[in-house]
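Spelled out, the chains give:
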Amino acid sequence: MSANTTGISIYILGIEDKTYLAQTFGKELGKASVSGYCIKFKALKDIHLNILEAAIRYGVKVTSES
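The present account deals with the structure reproduced in this document. Chains are numbered independently. Their residues run from 1 in the order of the written sequence. It should be noted that, the model being predicted, local features are given only for residues of pLDDT at least 70 and side-chain atom pairs only at 80 or more, the latter also being counted only at that level, while totals for whole chains, interfaces and linings use all residues. The side-chain values count all of the structure's non-hydrogen atoms but skip hydrogen atoms and water molecules.

Quick notes on the nonpolar core
To define a nonpolar core, start from buried Ala, Val, Leu, Ile, Met, Phe, Trp, Tyr and Cys residues and group those joined through side-chain atoms within 4.5 Å. Summary of the burial criterion: residues with accessible area below 20% of their type's maximum are buried, those above 50% are exposed, and those between are partly exposed, where the area comes from a 1.4 Å probe applied to protein chains only. Judged by nonpolar contacts, the single largest core of 14 residues is most densely connected at Ile-10, Ile-12, Leu-21, Leu-29, Ile-39, Phe-41 and Leu-52. In what follows, a contact means two residues having at least one pair of non-hydrogen atoms within 4.5 Å. Filtering out sequence-adjacent residues up to four positions away, Leu-21 remains in contact with Ile-12, Ile-15, Gly-26, Val-34, Ser-35, Gly-36, Tyr-37, Cys-38 and Ala-55.

Observations regarding the environment of Lys-45
Runs of E in the DSSP output that reach at least two residues are strands. Runs of H or I that reach at least four are helices, and both are numbered from the N terminus. Structurally, the position occupied by Lys-45 is in the loop between strand S4 (38-41) and helix H2 (49-65). C-alpha separation for the pair Lys-45 and Ala-55, spaced ten residues apart in sequence, amounts to 17 Å.

What about helix H1 (residues 20-29)?
What H1 keeps buried is the set Leu-21, Phe-25, Gly-26 and Leu-29. Each buried residue of H1 sits inside an arc of 125 degrees when the element is viewed along its axis, so together they form one side. The outward face of H1, more than 90 degrees from its buried face, is lined by the exposed residues Gln-23 and Lys-27. Looking at the buried residues of H1, the elements they touch are strand S3 (33-34), S4 and H2. Just beyond H1, the residue with positive phi is Gly-30, at close to 115 degrees. Here the arc refers to the directions that run from the helix axis out to each C-beta atom.

In structure tokens form, the structure reads like this:
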């Protein structure tokens, strides 16, 4: 997690398919930019926290299986 002047970035590492986050969580997340390993947004009010939580949990699961 990184907070800066442009907002908040959540890095979800360990996912092999760089399109998975955007395809699976991108449309439902809210006002966020989703790339291969990063979810960026300006404020928590801009996103659906339950979808962010699901993305983070997925990353933890994939990392623990490696």
